[in-house]
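# Examining the three-dimensional arrangement
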Amino acid sequence: MDSIEKDIFDNARRGEWYGEDRSGPPGLGDDAPRVSAGFLRSLLLGTHDGGGQLPLGVRLRGVIIDGCLDLRDACGPGDSGLPPLLLRNCVLPGRQENEGGRASGERTDSDDEVTQTRDDSWCILADHAMLSRFSLHDCRSTRISLKDASVQSELELIRVAPLDAHGECQFHAPGIRVDGSIRICGTHLQIRDDRQAEILGNVWQYACHLTDAEINGDLLLQPNFKAVGGINLSGARIDGSIWGNKAEFDAAGLPAGTTSVAKAEGDEPRCAFRAQRLRCTSAIVLTGGRFAGGIDFLTADVGWLQLKDVAIPSGGFIGASNARVTANIEVSVKPQDNLIGFTVKNSCIGDDLIIQNLPGDIDASLAHVGGDLKLTLGATSALRANIDATSIEVMGKASLDGMVIPRSTDSSDSDNLRPPICFNGGKFHGGFVIKGLTIFNDSSAATTLSLDDATISRAFQSKGTIVLQTRSLEHQVKHFEVEKWRDQNLSFYGRDWHLLEVLGASHEHGRAIVSFLRKKGTDQITVLDGGSHRIYAVNKSSGLALCSDDMAKDYLKFFCAHVWGDLGAFHIEKIKSCTSIDADCREVKADVHYGEFVYESDFRVHRNGFIEMTSDAPLEKKAPQFRFKPPYRIVTSDAADPIWIGPGQSVIDEREVLETIRGRLGPSGKAKVSLRGVHAGVINHSKDSFGDGVTLALEGLVYGSLRPSEEMMGDRNDQDRYKNDLDYYKDVFLNRQFSGGKPNKAEYKPQPYEQLSRVLRDHGEFENARDVTLEKLKLDREFVHKGLYKLGHWLLEVGFKHGLGALRGASTCLLFWFVGVIFFNFLNQGGIGIPLGPLKAMTIPVLRDPVGYPRMVVDAIPVSPLVLDNGGAAREIARDPGNAYGETWCGDQMDPLWFALDVMVPLLDLKHEGKCDVSGRDDAWVWRFLKSLYAIVGAIVTSIFLLAISGVLRRRVET
């Protein structure tokens with residue numbers, strides 16, 4: 001032994017540290033103690049010159065360890081662990097690839113893995129070793145391998161980094177077994193990109209490689225952990241949690257220079273964070289992390305997964321297909337302009353699935369969610385993304401809000417394709433709520449949002465609106481008459497962008513303000529609609545500058561005024577303090593008016609424009625001065641002047657700018673929401689549930705109750721808007737089936753009317769149910785029936801309301817009876833007259849029969865040519881050459897009132913029809929035909945009336 005080795009041996013025997021306590025590791029060229037890796041191996045194995053084990057282990061500080069420390073297959077006596085190895089501020093350069101020979105004491109066994117014996121970049125090789133403790137703090141190293149090793153306590157790699165910015169630093173420990181936790185805190189791992197293509201143990205290499213590891217504690221990857229080359233936890237079992245807040249993972253390694261590595265066809269893309277088949281009994285928390293590449297939890301089994309406020313550059317994805325999560329999955333992405341994908345297909349989630357601000361495709365088909373499903377979508381006008389939640393099962397409530405731009409299809413048969421937002425066949429046991437979903441869409445009749453064949457055990461509700469817009473939000477604002485406007489500079493945008501606040505009158509909402517961002521010197525105008533994505537997009541393109549406290553405060557006022565929550569804007573009334581936390585963040589305390597209260601709130605304003613509210617407490621109650629309906633800020637009081645947001649400037653009027661703004665405002669797009677075959681417990685609705693341009697596919701929709709919101713109860717009583725309840729139901733629900741807002745043959749389906757009528761009837765609204773049924777039967781006649789069948793339905797509708805109106809049926813019978821009375825009186829009296837008394841009395845003729853003889857005669861064959869007149873005198877019957885027998889004018893023998901009823905009602909014998917009949921003369925055949933026709937129609941009218949009042953017709957049309 002030399003003097004350094006002897007000192008190390010003596011200190012190790014006493015359990016003391018060797019070396020000075022330094023602030024950092026030495027450089028390779030520094031005058032620092034150096035020791036060979038072979039000597040350390042002999043100390044740990046007990047093969048040194050002094051002989052015997054060192055149970056207290058080896059503790060080194062500020063030492064440069066030359067060569068590769070080879071502990072493969074090593075263990076203590078009786079398969080116990082090797083003595084502890086604790087290194088602080090040490091440098092482990094390994095044996096560099098350009099060095100010849102080997103360090104003293106290194107193994108050269110011919111049966112070692114080919115890759116490892118041929119590659120000299122390892123600084124520690126401890127494969128299959130038994131270690132009692134392994135700890136590196138503030139060290140600089142190359143590559144460390146602990147494949148299939150066992151560590152009997154915690155394993156620590158604290159603030160370990162490569163030798164230089166371009167050097168490698170890898171932790172390769174597939175199959176490792178650790179009785180405690182693994183702490184890789186503040187460590188910077190990285191490998192070359194071509195190194196990732198090498199295979200060790202049939203798995204691709206990663207910067208941090210823990211496949212099939214068994215960890216009986218936690219895996220700590222915070223703070224400031226970084227893995228250039230990704231991390232692989234596939235097949236690992238972790239009894240504790242994984243903590244990786246603000247960690248960075250990059251799937252791509254360091255540039256490989258001139259080295260070119262061919263990869264096999266069909267290789268899986270390398271992930272930034274691969275955790276396939278991972279078993280983690282507690283939480284995985286990766287809040288604020290950055291993932292340049294995929295995050296893959298395929299078939300993983302974890303307790304709780306949190307990926308909040310993560311950043312995922314272009315090409316990234318989050319995958320958790322076929323996974324099992326005992327508690328929640330929470331995913332939110334920082335604002336960005338690139339698409340990412342997220343999938344939990346066929347996964348089982350024990351509690352809530354929460355997805356926020358995810359700009360990309362979401363696949364949750366066949367998933368089972370034990371709690372609530374909360375989807376808050378984030379998108380920009382440049383991105384298109386779809387949602388597939390086919391056959392998902394949600395035990396709690398499902399809610400959908402935010403903004404999405406569906407990916408369009410070029411297929412003409414678009415209804416046979418899966419819709420861009422698809423919940424078909426899902427089961428939602430706690431209800432389904434749409435909270436103001438904004439869909440950017442071009443004019444299209446294709447289905448955009450579909451819940452076909454879904455089961456909603458409780459309520460389906462579109463809360464607020466689904467606002468349908470074209471790709472440019474500027475096209476949403478319609479019929480906005482500009483009154484005046486104001487243009488003001490924004491300090492944090494320099495001289496490029498100005499804030500335009502336009503006061504005008506909306507035909508729908510009255511006096512309101514619309515805010516724009518306008519780029520100076522161009523006609524580029526961005527509508528501020530209450531969402532943050534527009535502001536973030538301008539931040540990125542404008543070069544946002546928050547260089548001072550004043551700029552940060554101005555930006556906070558602007559941001560809070562134009563980013564709205566459910567109750568409107570967060571109006572900053574007073575800023576109390578602004579302090580810098582670091583170069584990238586300021587903390588601001590302010591009084592905020594939101595909804596009906598003023599709150600004292602704490603904000604963090606980040607240099608990139610991202611704002612977060614960290615706390616709030618109510619101070620006082622204060623009535624709001626605006627209502628908010630994107631993009632309108634609606635003035636609630638005519639007596640109060642509008643409150644302009646931002647520093648005060650004079651209001652000017654310039655027609656050129658006004659016309660420019662008006663030219664930007666146009667019609668909305670179109671889309672379809674499909675509820676075909678949905679079974680819902682309750683439908684909660686209002687006239688604002690779906691915005692302009694949205695049509696509903698309602699065929700097969702079945703529900704137990706249709707409940708208007710409290711807001712809509714007032715609308716139903718507004719006679720200026722709705723003449724009756726039928727008009728209300730048609731406006732807010734039934735007519736939503738038709739693209740033009742009015743029924744048409746191509747889009748008409750009878751089932752929605754039948755379902756609504758059934759529900760209204762079940763809830764005691766019989767009059768409304770009848771009106772809906774009659775509307776359905778009317779449309780059936782117009783669009784379904786043909787020919788005589790159509791005519792028959794028209795008669796049933798006009799005369800009897802299809803058996804649903806007893807008064808209408810009775811009126812029809814009375815009218816028909818009255819027609820019979822007039823007809824038979826005309827035949828008997830030879831004209832139509834105005835009666836002076838009873839019908840038997842004399843009448844003043846109005847219309848006389850030009851023939852001049854009566855058509856109603858006594859219905860009897862005379863047995864004598866003599867008859868008695870009213871005075872009792874006998875006279876002879878006049879003979880008529882056209883008759884075989886003489887006919888006697890019926891005269892007073894009949895009463896037209898009862899005669900008509902006797903003829904009209906079958907099986908009714910009032911002894912009047914047998915007294916008289918129509919003349920049997922040859923030229924009276926028309927009157928005989930009309931009498932027979934009256935009898936036939938009368939029998940039909942009477943029968944229909946009897947069927948109507950007996951309820952037979954009602955049961956027919958209502959079932």
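Since the structure is predicted, the reported quantities are computational estimates derived from the model, not experimental observations. (Residues numbered from 1 in each chain as written. Predicted model: local features only at pLDDT ≥ 70, side-chain atom pairs only at ≥ 80, totals over all residues. Heavy atoms only, no water.)

### Some words on helix 2 (residues 37-45)
Test applied: Throughout this description, buried means an accessible area under 20% of the type-specific maximum (1.4 Å probe, protein chains only), exposed means over 50%, and partly exposed covers the range between. To qualify as a helix, a DSSP run of H or I must reach at least 4 residues; to qualify as a strand, a run of E must reach at least 2; elements of each kind are numbered from the N terminus. The contact criterion used throughout is that any non-hydrogen atoms of two residues lie within 4.5 Å.
Helix 2 sits mainly inside the fold: eight of its nine residues count as buried. For helix 2, the complete set of buried residues consists of Ala 37, Gly 38, Phe 39, Leu 40, Arg 41, Ser 42, Leu 43 and Leu 44. The secondary structure elements touched by the buried residues of helix 2 are helix 1 (3-14), strand 1 (34-36), strand 2 (58-61), strand 3 (64-66), strand 4 (69-70) and strand 5 (85-88). In the stretch just after helix 2, Gly 46 is the one whose phi turns positive, near 80°.

### Some thoughts on the nonpolar core
Quick note on the threshold: Only buried residues count toward a nonpolar core. Its members are Ala, Val, Leu, Ile, Met, Phe, Trp, Tyr and Cys residues joined through side-chain atoms within 4.5 Å.
By size, the foremost hydrophobic cluster in this structure holds 148 residues, and its most contacted members are Leu 146, Phe 171, Leu 278, Phe 423 and Leu 451. With five residues, the top contributor of residues to this core is helix 2. Discounting chain neighbours no more than four positions away, the residues touching Leu 451 are Phe 423, Asn 424, Phe 428, Phe 432, Ile 456, Phe 460, Ser 674, Leu 675, Arg 676 and Val 678. Of all hydrophobic cores here, the second largest spans 29 residues; its members include Leu 544, Val 588, Tyr 594 and Phe 603.

### Here's the deal with helix 5 (residues 549-562)
Heads up, the condition is: Take the residue count of a helix, subtract one, and multiply by 1.5 Å to get its expected span.
With 14 residues, helix 5 should reach 20 Å at 1.5 Å per residue; the first-to-last C-alpha distance of 20 Å fits that figure. Along helix 5, the residues classified as buried are Ala 552, Tyr 555, Leu 556, Phe 558, Phe 559, Cys 560, Ala 561 and His 562.

### Looking at the packing of helix 4 (residues 532-542) against helix 5
Our working rule: Axis definition: a line fit to C-alpha positions, over the contact stretch in the case of helices; interaxial angles, taken between N-to-C directions, run 0 to 180 degrees. A crossing counts as left-handed when the near helix is turned anticlockwise from the far one by less than a right angle, and as right-handed when that turn is clockwise. Three categories are distinguished: nonpolar for Ala, Val, Leu, Ile, Met, Phe, Trp, Tyr, Cys and Pro, charged for Asp, Glu, Lys and Arg, and polar for the others, with Gly belonging to the last.
One can describe the packing of helix 4 onto helix 5 by two numbers: an axis separation of 9 Å at closest approach and a directional angle of 145°. Crossing angle aside, the handedness with which helix 4 passes helix 5 is right-handed. The segment helix 4 lies against helix 5, with Ser 532, Ile 535, Tyr 536 and Asn 539 engaging Tyr 555, Phe 558, Phe 559 and His 562. Of the residues contributing to the contact of helix 4 with helix 5, the split by class is five nonpolar, three polar and no charged.

### Re the UniProt feature "transmembrane region" (unreviewed entry) in the chain
Put simply, the rule is: UniProt positions are given in the numbering used here, feature names are shortened, and annotations may be inferred rather than shown by experiment.
Following the UniProt record, the feature "transmembrane region" (unreviewed entry) maps to residues 933-953 here. When the span residues 933-953 is considered, its composition is 95% helix and 0% strand, and the gap between its end C-alpha atoms is 24 Å.

### Re the sheet that holds strand 57 (residues 571-582)
To keep things clear, this is the line we draw: Following DSSP output, two strands are said to pair if at least two bridges run between them.
Spatially, 57-58-59-60 is the arrangement adopted by the four strands of the open sheet, whose pairing is antiparallel. Only two strands of the sheet have a single neighbouring strand rather than two, namely strand 57 and strand 60 (611-621). Neighbour to neighbour, the strand axes of the sheet diverge by 20° on average, direction disregarded. The sheet strands contacting helix 5 are strand 57, strand 58 (585-594), strand 59 (597-606) and strand 60, and the helix crosses strand 57 at an angle near 135°.

### Considering the packing of aromatic side chains
What counts, and what does not: Pairing of aromatic side chains here covers Phe, Tyr and the six-membered ring of Trp, requires ring centres within 6.5 Å, and sorts the geometry by plane angle: under 30 degrees stacked, over 60 edge-to-face, intermediate tilted.
Scanning all chains against the criterion turns up 29 aromatic pairs. Each ring, one from Phe 423 and one from Phe 432, has its centre 5.1 Å from the other, and the planes form 80°; the classification is edge-to-face. Across the pair, exposure class does not vary: Phe 423 and Phe 432 are buried alike. Measuring from ring centre to ring centre gives 5.0 Å for Phe 428 and Phe 432, while their planes differ by 80°; the resulting arrangement is edge-to-face. Here Phe 428 and Phe 432 have matching classes, each one buried. Grouping aromatic residues by their ring pairs yields a cluster made of Phe 492, Tyr 493, Tyr 536, Tyr 555, Phe 558, Phe 559 and Phe 610.

### Quick word on a positive patch on the surface
Filter applied, for reference: Surface patches are drawn from residues lacking salt bridges whose relative accessible area is over 30%; two like charges belong together within 9 Å, two nonpolar side chains (Val, Leu, Ile, Met, Phe, Trp, Tyr) within 5 Å. A 1.4 Å probe and the Shrake-Rupley method give the accessible areas. Residues count as covered only by the protein chains that appear here. The term salt bridge refers to a side-chain nitrogen of Lys or Arg lying within 4 Å of a carboxyl oxygen of Asp or Glu. In this count, Lys and Arg are taken as positive residues and Asp and Glu as negative ones, while His and the chain termini are left out. For this purpose, a charge sits on NZ of Lys, CZ of Arg, CG of Asp or CD of Glu.
A cluster of like positive charges, contributed by Lys 374, Lys 397, Lys 435, Arg 458 and Lys 463, occupies part of the molecular surface. Within the secondary structure, Lys 435 is located in strand 47 (residues 432-440).

### Observations regarding the sheet that holds strand 3
Spatially, 1-3-6-10 is the arrangement adopted by the four strands of the open sheet, whose pairing is parallel. Among the strands making up the open sheet, the edge pair consists of strand 1 and strand 10 (140-141). When strand 1 meets strand 3, the two strands line up parallel, connected through three bridges. Of the residues in strand 3, the one forming a bridge with Arg 34 is Ile 64. In this fold helix 2 packs onto strand 1 and strand 3, with an angle of close to 65° to the strand it touches most, strand 1.

### Regarding the environment of Cys 348
When you line up the elements, Cys 348 lands in strand 37 (residues 348-349). Given the relative accessible area of 34%, Cys 348 is considered partly exposed. Between the alpha carbons of Cys 348 and Ala 367 there is a distance of 5.9 Å; along the sequence they are 19 residues apart. Residues within four places of Cys 348 in sequence aside, it is in contact with Ala 323, Arg 324, Val 325 and His 368.

### Points about the confidence of the model for the chain
Cut-off, in case you're wondering: Per residue, pLDDT measures the predictor's confidence, with a range of 0 to 100.
The share of residues in the chain with pLDDT of 70 or more is 77%, and the mean pLDDT across the chain is 78. Within the model, the stretch residues 97-118 combines pLDDT values under 50 with 35 contacts to residues more than four positions away or in other chains. When the criterion is pLDDT under 50, residues 711-720 qualifies, and its contacts beyond four places in sequence or with other chains add up to 16 contacts.

### Regarding the state of the cysteines
As a reminder of what qualifies: We call a pair of cysteine sulfur atoms a disulfide whenever their separation is within 2.5 Å.
In total, this model carries one disulfide according to the counting rule given. Cys 578 carries a free sulfur, and the closest cysteine sulfur to it, the one in Cys 585, is 9.7 Å from it. Given a relative accessible area of 15%, Cys 578 falls into the buried group.

### Some words on unusual backbone geometry
Of note, the bond from Gln 222 into Pro 223 is cis; its omega dihedral lies within 30 degrees of zero at 0°. Relative to the helices and strands, Pro 223 is located in the loop between strand 22 (219-220) and strand 23 (226-228). Its identity is not glycine, yet Thr 299 carries a phi of approximately 55°, on the positive side. Thr 299 gets classed as partly exposed once you look at its relative accessible area, which sits at 28%.

### Quick word on the pairing of strand 13 (residues 155-158)
Along any regular strand the residues' side chains alternate between the sheet's two faces. Residues Leu 155 and Leu 157 point to one face of strand 13 and Glu 156 and Ile 158 to the other, with burial holding for every one of them. Here strand 9 (residues 134-137) pairs with strand 13 via four bridges, running parallel. Across the sheet, Phe 134 pairs through a bridge with Leu 155, a residue of strand 13. Bridge analysis of strand 13 against strand 16 (residues 182-183) gives two bridges, and the strand direction is parallel. Residue pairing in the sheet places Glu 156 in a bridge with Arg 183 of strand 16.

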